[in-house]
Amino acid sequence: MSQQGYVAAPPYSQTQPGIGALSPPLRGHYGDPSHPTPPAGIMKPAGPLGPTAPVGVLPPGPPNSGAHQFVQNGPNISGYPQQRFPGPPSASDAAPPYPPYSHMPSATYPSPVSSSATTQLTNQLGSMQIHNYGPGMASGSQGIPAPPSAASFQGHPQLPQPAILQPGPRMPPPPPSMHNGLGTTPSLPPASRQDALPGSGPPTANFSSLPLSGQPPGPGYPPQPGANYGPPQMPGAQLSSPAGFPGGPAQMAGPMQPPKKLDPDSIPSPIQVIENDRSTRSGQVYTTNLRGQVPPLVTTDCVIQDQGNASPRYIRCTTYCFPATSDMAKQSQLPLAAIIKPFATVPPNEMPLYLVNHGETGPVRCNRCKAYMCPFMQFIEGGRKFQCGFCNCVNDVPPFYFQHLDHIGRRLDHYEKPELSLGSYEYVATLDYCRNNKPPNPPAYIFMIDVSYSNVKNGLVRLICEELKMVLENLPKEEQEEASAIRVGFVTYNKVLHFFNVKSNLAQPQMMVVTDVAEVFVPLLDGFLVNYQESKAVIHNLLDQIPEIFADSNENETVFAPVIQAGMEALKAADCPGKLYIFHSSLPTAEAPGKLKNRDDRKLINTDKEKTLFQPQTNIYETLAKDCVAAGCCVNLFLFPNQYVDVASMGLVTQQTGGTLYKYNNFQRHLDSQTFLNDLRNDVQKMTGFDAIMRVRTSTGFRATDFFGAIYMNNTTDVEMAAMDCDKAVTVEFKHDDKLSEDSGALIQCAVLYTTISGQRRLRIHNIGLNCSSQLADLYKSCETDALINFFAKSAFSAVLTQPLKTVRDILVHQTAHMLACYRKNCANPSAVSQLILPDAMKVFPVYMNSLLKNCVLLSRPEISMDERAYQRQLVMAMSVADTQLFFYPQLIPIHTMDIKSEILPAAIRCSEERLSEGGVFLLANGLRMFLWLGGSSPPELIQGIFNVPSFTHINTDVTSLPEVGSPYSQKLRLIMSNIQQKKPYSMKLTIVKQREQPEIAFRQFLVEDKGLYGGASYVDFLCCVHKEICQLLS
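- For the chain, the name recorded in an unreviewed UniProt entry is SEC24 homolog D, COPII coat complex component, with Monodelphis domestica as its organism.
- UniProt annotates the chain under Sequence similarities (unreviewed entry) with the comment "Belongs to the SEC23/SEC24 family. SEC24 subfamily."

**Describing the overall build of the chain**
Step number 1: For the chain, the helix and strand inventory stands at 22 helices and 32 strands.
Step number 2: Put simply, the chain has 1035 residues, and 61% of those count as buried.
Step number 3: Put simply, 76% of the contacts in the chain that link residues at least 6 apart link residues at least 24 apart.
Step number 4: Only carbon and sulfur atoms are counted for the fraction: they give 52% of the accessible area of the chain, which is about 38300 Å².

**Things to note about the layout of surface pockets**
Step number 1: Of the voids in this model, the second largest pocket is the one considered here, and its volume is about 1400 Å³.
Step number 2: Asn-665, Glu-868, Arg-929, Phe-931 and Phe-1006 are, among the 50 residues lining the second largest pocket, the residues nearest its centre.
Step number 3: Of all elements in the fold, only β20 (661-663), α12 (669-685), α16 (845-854), α17 (866-877), α18 (881-888), β31 (929-934), β32 (989-994) and α21 (1000-1004) reach the threshold of two or more residues within the lining of the second largest pocket.
Step number 4: Each residue belonging to the lining of the second largest pocket can be placed in one class, and the counts come to 21 nonpolar, 16 polar and 13 charged.

**Here's the deal with the side chain of Ser-311**
Step number 1: Along the polypeptide, Ser-311 turns up in the loop between β4 (303-305) and β5 (315-317).
Step number 2: Excluding anything up to four places from it in sequence, Ser-311 contacts Thr-288, Ile-304 and Ser-424.

**Concerning the packing of aromatic side chains**
Step number 1: Counted according to the given criterion, the structure contains 36 aromatic pairs.
Step number 2: Ring geometry for Phe-640 against Phe-676: centres 5.1 Å apart, planes inclined by 85 degrees, an arrangement best described as edge-to-face. One end of the pair, Phe-640, is in the loop between β19 (633-639) and α10 (647-650); the other, Phe-676, is in helix α12, with 36 residues separating them in the sequence.
Step number 3: Classification of Phe-640 by relative accessible area gives buried; the value is 3%.
Step number 4: Ring centres of Phe-702 and Phe-734 lie 5.5 Å apart, and the angle between their planes is 70 degrees; this geometry places the pair in the edge-to-face category. Pair noted here: Phe-702 is in strand β22 (residues 702-708) and Phe-734 is in strand β25 (residues 730-736), with a separation of 32 residues, a long-range link.
Step number 5: Phe-702 sits in the buried class, given a relative accessible area of 3%.

**So, the sheet that holds strand β9 (residues 378-380)**
Step number 1: Pairing is antiparallel across the open sheet formed by three strands, whose spatial order is β9-β10-β11. The outermost strands of the open sheet, each flanked by one partner alone, are β9 and β11 (394-396). Direction aside, neighbouring strands of the sheet carry axes that sit 35 degrees apart on average.
Step number 2: Relative to β11, strand β10 (residues 385-387) is paired through three bridges, and the arrangement is antiparallel. Its bridge partner lying in β11, Lys-385 is registered against Asp-396.

**Side note on helix α15 (residues 805-826)**
Step number 1: Spanning 22 residues, α15 covers 32 Å between terminal C-alpha atoms, matching the ideal 32 Å at 1.5 Å per step.
Step number 2: Of all 22 residues in α15, 20 are buried, a share of seventy percent or more.

**Re unusual backbone geometry**
If a residue is not glycine, its phi is most likely negative; likewise, a peptide bond is most likely trans.
Step number 1: In this structure, Lys-370 takes a positive phi of about 70 degrees despite not being glycine.
Step number 2: Position of Lys-370 among the secondary structure elements: in the loop between β8 (355-356) and β9.
Step number 3: Phi is positive for Asn-436, which is not a glycine, with a value near 55 degrees.
Step number 4: Position of Asn-436 among the secondary structure elements: in the loop between β12 (424-428) and β13 (444-450).

**Looking at empty space enclosed by the protein**
Step number 1: Within this structure, the stated rule accounts for eight cavities of 30 Å³ or more.
Step number 2: Space inside the second largest cavity adds up to approximately 120 Å³.
Step number 3: Taken together, 14 residues line the second largest cavity, and the ones lying closest to its centre are Leu-875, Met-879, Asp-883, Pro-985 and Tyr-986.
Step number 4: Split into classes, the residues belonging to the lining of the second largest cavity amount to six nonpolar, three polar and five charged.

**Quick notes on the pairing of strand β18 (residues 578-584)**
Step number 1: Here β18 lies mainly inside the structure; seven of its seven residues are buried.
Step number 2: Side chains Gly-578, Leu-580, Ile-582 and His-584 project from β18 onto one buried face, and the interleaved Lys-579, Tyr-581 and Phe-583 project onto a second face that is buried too.
Step number 3: Both β18 and β19 contribute to a ladder of seven bridges, which runs parallel. Across the sheet, the residue bridging to Phe-583 is Phe-638, located in β19.

**Remarks on the sheet that holds β31**
Step number 1: Strand order across the open sheet formed by four strands is β29-β30-β31-β32, with mixed pairing between neighbours. Two strands lie at the open edges of the sheet, namely β29 (891-894) and β32, each paired on one side alone. The average undirected angle you get between the axes of adjacent strands in this sheet is 20 degrees.
Step number 2: Contacts from helix α20 (residues 968-982) reach β29, β30 (921-925), β31 and β32, with the element oriented near 15 degrees to β30.

**What to know about the nonpolar core**
Step number 1: Counting 201 residues, the largest nonpolar core has Phe-490, Phe-676 and Leu-932 as its most contacted members.
Step number 2: It is α15 that contributes the most residues to this core, ten residues altogether.
Step number 3: In this structure, this core is formed jointly by two domains, domain 2 (443-686) and domain 3 (890-1007), each of which donates at least three residues.
Step number 4: Ranked by size, the runner-up nonpolar core spans 34 residues in total, among them Ala-692, Val-719, Val-732 and Cys-750.

**Description of the pattern of salt bridges**
Step number 1: By the definition in use, this model includes 38 salt bridges.
Step number 2: Among the ionic pairs, Asp-396 bridges to Lys-385, the shortest N-O distance being 3.9 Å. Placement of Asp-396 in strand β11 and of Lys-385 in strand β10 is noted, with a sequence separation of eleven residues between them.
Step number 3: When its relative accessible area of 53% is taken as the criterion, Asp-396 is described as exposed.
Step number 4: The closest approach of N and O atoms between Asp-672 and Lys-989, which form a salt bridge, is 2.8 Å. Taken together, the positions of Asp-672 in helix α12 and Lys-989 in strand β32 put the pair 317 residues apart, joining distant regions of the chain.
Step number 5: By relative accessible area, which is 31% here, Lys-989 ends up partly exposed.
Step number 6: What emerges from the salt-bridge pattern is a single network uniting Lys-686, Asp-725, Asp-727 and Lys-728.

**Considering the packing of helix α19 (residues 940-947) against α20**
Step number 1: Close contact between α19 and α20 brings their axes to 7 Å; oriented N to C, the two are set at 70 degrees. In terms of orientation, α19 lies roughly perpendicular with respect to α20. Note on packing geometry: the crossing formed by α19 with α20 is right-handed. Counting all contacts with α19, which are made through Glu-941, Leu-942, Gly-945 and Ile-946, the residues of α20 involved are Tyr-969, Ser-970 and Leu-973.
Step number 2: Split by residue class, the contact of α19 with α20 holds four nonpolar, two polar and one charged.

**What to know about the side chain of Thr-654**
Step number 1: Structurally, Thr-654 is set in helix α11 (residues 652-656).
Step number 2: Residue classification places Thr-654 among the buried positions, given a relative accessible area of 0%.

**Looking at α20**
Because each turn of an α-helix spans 3.6 residues, side chains separated by three or four positions in sequence point in the same direction.
Step number 1: The end-to-end C-alpha separation of α20 is 21 Å, in line with the 21 Å expected for 15 residues at 1.5 Å each.
Step number 2: Where the residues of α20 are buried, they touch β29, β30, β31, α19 and β32.

**Points about the environment of Cys-726**
Step number 1: Of note, Cys-726 is situated in the loop between β24 (719-725) and β25.
Step number 2: Sequence-wise, Cys-726 and Ala-344 are 382 residues apart; in three dimensions their C-alpha atoms are separated by 4.7 Å.
Step number 3: When near neighbours in sequence (up to four residues on either side) are disregarded, Cys-726 contacts Lys-341, Phe-343, Ala-344, Thr-345, Lys-686 and Met-687.

Thresholds, definitions, all that
Along each chain, the written sequence defines residue order, and numbers are assigned to residues from 1. This being a predicted model, a pLDDT of at least 70 is required before a residue's local features are given, and a value of 80 or more before pairs of side-chain atoms are given or counted; all residues contribute to the totals for chains, interfaces and linings. Here the side-chain values reflect all heavy atoms present in the structure, with hydrogen atoms and water set aside. UniProt positions are given in the numbering used here, feature names are shortened, and annotations may be inferred rather than shown by experiment. Going along the chain from the N terminus, every DSSP run of H or I of four or more residues is numbered as a helix, and every run of E of two or more is numbered as a strand. Between buried and exposed lies partly exposed: a residue is buried under 20% and exposed over 50% of the maximum accessible area for its type, with that area taken using a 1.4 Å probe on protein chains only. Residues are treated as being in contact if the distance between any of their heavy atoms lies within 4.5 Å. For the area figures, the Shrake-Rupley method with a 1.4 Å probe applies, and any residue is considered shielded solely by the protein chains shown. Here a cavity denotes grid points, spaced 1 Å and computed from the protein atoms alone, that fit a 1.4 Å probe unable to get out, and a pocket denotes an open set having protein on both sides within 12 Å along at least 5 of 7 lines; residues with an atom within 4 Å of a point are the lining. Grid points are joined across faces, edges and corners, and a volume is the space filled by probe spheres set on the points. Following the grouping adopted for this structure description, the nonpolar residues are Ala, Val, Leu, Ile, Met, Phe, Trp, Tyr, Cys and Pro, the charged ones are Asp, Glu, Lys and Arg, and the polar ones are all others, Gly among them. Pairing of aromatic rings covers Phe, Tyr and the six-membered ring of Trp, with a centre-to-centre limit of 6.5 Å; geometry is then stacked below 30 degrees between planes, edge-to-face above 60, and tilted otherwise. Following DSSP output, two strands are said to pair if at least two bridges run between them. Axis angles are defined between N-to-C directions and span 0 to 180 degrees, where every axis is a line fitted to C-alpha atoms and, for a helix, only to the segment in contact. A helix is expected to span 1.5 Å for every residue after the first. Definition of nonpolar core: a set of buried residues of the types Ala, Val, Leu, Ile, Met, Phe, Trp, Tyr and Cys, connected through side-chain atoms within 4.5 Å. A domain assignment, automatic or from a database, supplies the domain bounds used here. For this analysis, a salt bridge means a side-chain nitrogen from Lys or Arg found within 4 Å of a carboxyl oxygen belonging to Asp or Glu. Should an angle fall under 35 degrees it is called roughly parallel, over 145 degrees roughly antiparallel, and 65 to 115 degrees roughly perpendicular, with every other angle called oblique. Crossings are assigned a handedness: left-handed for a near helix turned anticlockwise from the far helix by less than a right angle, right-handed for a clockwise turn.

Here it is as structure tokens:
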């Protein structure tokens, strides 16, 4: 591995120098050259910014009379600081990552009884303001001084008042520990106002911060009648604490003041950011003609017009401006990544991809780097040659492709050829791109049903058989075709496998049993995979018979690996790619390859061995996954567990073959069947590419180094997927291997070779051009928070396989602080070190990062099973940017405010308990689950309208769907729910929650701005934590 590449994010490949040249590289386990470089995919802690104080930064010392400024670069909302997750642990031979503070108490958090700790945090953080720096403003530009206030350097300081924060559920917090957030919540001082800097930000940019409740709004605000603004100034009252943050005892004159509560509206709001983007870009046409422009957020609906760069539906980037050098990349530690969703669904009002067919000659490519013809190729010498935009090689234009150039050097047929004028298009592939140089066969779907005792008993087998009759009527087909070309086959199994012959000329289906599960084989070829329409009568006959054949079965043991093996062998024998739909419910304990044992050991939680629970317990499944990918066999697994089934092992083949895992815990037919059936119907009908290989090419100076997703990689460049559907995204990280040119930018081409549902081999090409800059400010200005979180989630969830979870969490916190500290030092105006300044494009990054840190994959919770954690890990690894956005910051909608006469949906609110009200009804959705929360004093007419019952006490919370009531309230709520569900890959099961009843605990875990019940900081606490670490890095 090159030692030159960019190292911004986990997984790391080398040591992390500080910002600028502030610190020597961290030595010891992570940085010492004597230690081998860990393989890609392993996270390494970032290096510190250094112990020495940088020039131009205020030295540690007494703060400016108490109030420090907390500043945010950007429009609209101000942000608030927060509490610390512990830094990365060093190995026995490593120096501590940060200079030790002798005055720091041994506990990371103040103890619940310490009043001085509260005061110290007061001293750490000052008023929150917004500063919007215009684009390209030099880091040395002067800020406008604050209006004179009690917190200025002259005169007597004003005593800051502790504001005790009480976010989160009203439950006693757990005792403070190394990873559960604060034992007590920090207090923050009053806000003072400072006007925003002039700049060319968005129209709403120049706002001052919202004042804290119960405090003077500051100069420029009219006095509030009846407001109590706290005590008079007290001469000599000053909090001193090194570097302006807590640690040493505070010296304070005068009595303690009563606490003031923080105004939650004054910290950056994801909802506000989403609404601002919608208000300026929703419904508009977004054209992709400019290189490096930042697209609308994933939450904004707009029409996308391809004019030379791929639509953001296909590719989104963590930043649309790459740093010119690897040193800049290391300095900022912003990950350079693209999230690619090659088969994304395009809405009906946008153009589908054009198909280019060059006949037997195939697509025109660069001779050297093999990049496909695209808008980045430059035609020269009158059109006889073209220069590759990726490797600069000059190629001859094939005679059939020649065209003259116009007066600006562009081909006369530029707008007639999709590959010259569009960012995304498809080519018909020639036989050279096919297996064994012959056209592929259309894919097949094999349905494999677990007929063990419990599945027959609970009605699952009958339900699946009934549903398949409907599903098979809607097999996917090309638009111009009358019937689907997909063939289907059927297998049932318990300890043995049963294959069915459903040939169209049979009167009855025939069953063949394979008892040798150690060396599984396919007992029939002719009659196993059939055309559904031709064999419809025999198939329906079979589906009626299966529940009866196994009605008296007492067999409880099952096999699993032989089932996949059998399906794969059947597809290989038929020489076609395809999908296995496996419906399974228990741990495979029967004697056979892939037999698993129960290893659900809670004693390993929070130890260094916890990572083993995310790894498969046998290597059989890895070998099987490799074989399946080679055969083009994708495995979709529907799990119905009543107890531990080892998702980490059973789900491995699904993940590596590009399949989807669905899980329905404690399945009850009357409650869960609708969720399951929706998932099955949706999956069968999805747009899918089979037997796919993806390669990402880049222009000179950088390259793709790491790939995350539902993928298999046999080498370092080819991403292989037995199938890839319209919901799957692959996250690709890039690193420098040379300097990038600001003129030519950074170009990326993603090419996917795949087989369509009708059996045609095609190439799907997506191209995007990004800007390059030698100014750090340009990087931060072009960031996309939602894409950053997608990258960090996948890289962290990948790292949990090899590293202790605490190390992974620490690296995430440290890198968050490092990115923001670099911005603070290099892009923001000079100001006190104790100011927290957030880039406008990343101002809500901390709330998403905190939600990721609290996710059950990275932080165990007693009520969450290991299977659930492995399941969520697997799901996130394949998610697109839109899916991770909703997953880590759920949508919370106040239903009681909806206007039943209006088409407009109620605006979402922030995910915090403080936003709930006794008299309200709220809908929460995160892409996997949906909750309807009912306040104890919900309006009776609303209860009547939704549930058709007279009062709150009559509501049945056991149901998982709303009753069909003809009222306007019911219709509007169902419309809102279907709108949220419409764009999501998983059917969300509804849980109805009454205030102060037991299920409310599960609901509260999704209020991600609050403190976790079992650990995990609140949003405010986390901002404090990050701010404190930034102060350490900058001092």
